[in-house]
Amino acid sequence: MKLSSDHGFTLIELLLVTVILTIALGLSIPSLGKLIEDSHRKSTLNQLLGGISYARTEAITRSSNITLCPLDKNGQCSRDWNKTVTIFLDPARTRQLTSTDNILRVLPPPEAGTLYGRTGTRKHFGFRPTGLARESIGHLLWCPEDGKPHYAFQVRINMGGRPILARDSNGDGIAEDTYGKNLKCP
């Protein structure tokens, strides 16, 4: 009985496996990218919803004014919502962090996409000791890197200080703003 000492692959077999792997990877990479983007989207959404709810709860619990905003280098609220967002005690409602002891929580910037704050003339969201956000209503709009509104989300803060997630009520795959119009990414 003679045993064969050939244990390798032929060139044809190796090329065939390479072609199959290349096709499989080519089909799966776009799906993997969407999965990662969706993970970043959900992470940003959950952080914002949790942060807003936390700020409101702390305003009530501490019976103090609480501000939620991105800060500039001087500790004043800025309009760049793609920076770290800080939740801090703001008893005099100055919208400026006067002491690091007043920091309650810090929300990291979005890992992907762009976050836009629509707060009117203000640069912040503020919560009164009652939990109300009376003069600080507005919304935050997150848009994916590709700018497609199908994946965008909007978190609105009502006068009661509660966060509300925009929904797709007409079934076209795009959430609507407060006026019933589809969200648009700038």
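Here, every reference points to the structure presented above.
Residues numbered from 1 in each chain as written. Predicted model: local features only at pLDDT ≥ 70, side-chain atom pairs only at ≥ 80, totals over all residues. Heavy atoms only, no water.

1. Looking at the state of the cysteines
Structurally, a disulfide amounts to a covalent bond that connects the sulfur atoms of two cysteines.
Reasoning step 1: Within the structure shown, the criterion is met by two disulfides.
Reasoning step 2: The disulfide bridge from Cys69 ends at Cys77, spanning 2.1 Å between sulfur atoms. On the sign convention where negative is left-handed, the bridge of Cys69 and Cys77, at about -75 degrees about the S-S bond, is left-handed. Comparing Cys69 with Cys77 shows no difference in burial state: the two are buried.
Reasoning step 3: What pairs with Cys143 in a disulfide is Cys185, and their sulfur atoms sit 2.2 Å apart. Its S-S torsion of about -100 degrees marks the bond between Cys143 and Cys185 as left-handed, since a negative value means left-handed. Highlighted residues: Cys143 in strand 6 (residues 138-143) and Cys185 in the segment after strand 8 (163-165), separated in sequence by 42 residues.
Reasoning step 4: Numbered by order of appearance in the sequence, the disulfide-linked cysteines of the protein chain pair as 1-2, 3-4. (Disulfide = S-S within 2.5 Å. Buried < 20%, exposed > 50% of the residue type's maximum accessible area, 1.4 Å probe, protein only. Helix = DSSP H or I, 4+ residues; strand = E, 2+ residues; numbered from the N terminus.)

2. Examining the pattern of salt bridges
Reasoning step 1: If you walk through the whole model with that rule in mind, you get three salt bridges.
Reasoning step 2: For the salt bridge of Lys42 with Asp38, the shortest nitrogen-to-oxygen distance reads 3.2 Å. Of this pair, Lys42 and Asp38 both sit in helix 1 (residues 11-62), four residues apart, which is roughly one turn of the helix.
Reasoning step 3: Judged by relative accessible area, Asp38 falls into the partly exposed class, the value being 29%. (Salt bridge = Lys/Arg side-chain N within 4 Å of Asp/Glu carboxyl O.)

3. Focus: the packing of aromatic side chains
Reasoning step 1: On inspection of all chains with the given rule, the structure shows two aromatic pairs.
Reasoning step 2: Here Trp81 and Phe125 contribute two aromatic rings whose centre-to-centre distance is 5.7 Å and whose plane-to-plane angle is 55 degrees, an arrangement assigned as tilted. Within this pair, whereas Trp81 is found in the loop between strand 1 (66-70) and strand 2 (85-89), its partner Phe125 is found in strand 5 (residues 125-127), the two being separated by 44 residues in sequence. Judged on exposure class, the residue Trp81 and its partner Phe125 are both buried. (Phe/Tyr/Trp six-rings, centres within 6.5 Å; stacked < 30°, edge-to-face > 60°.)

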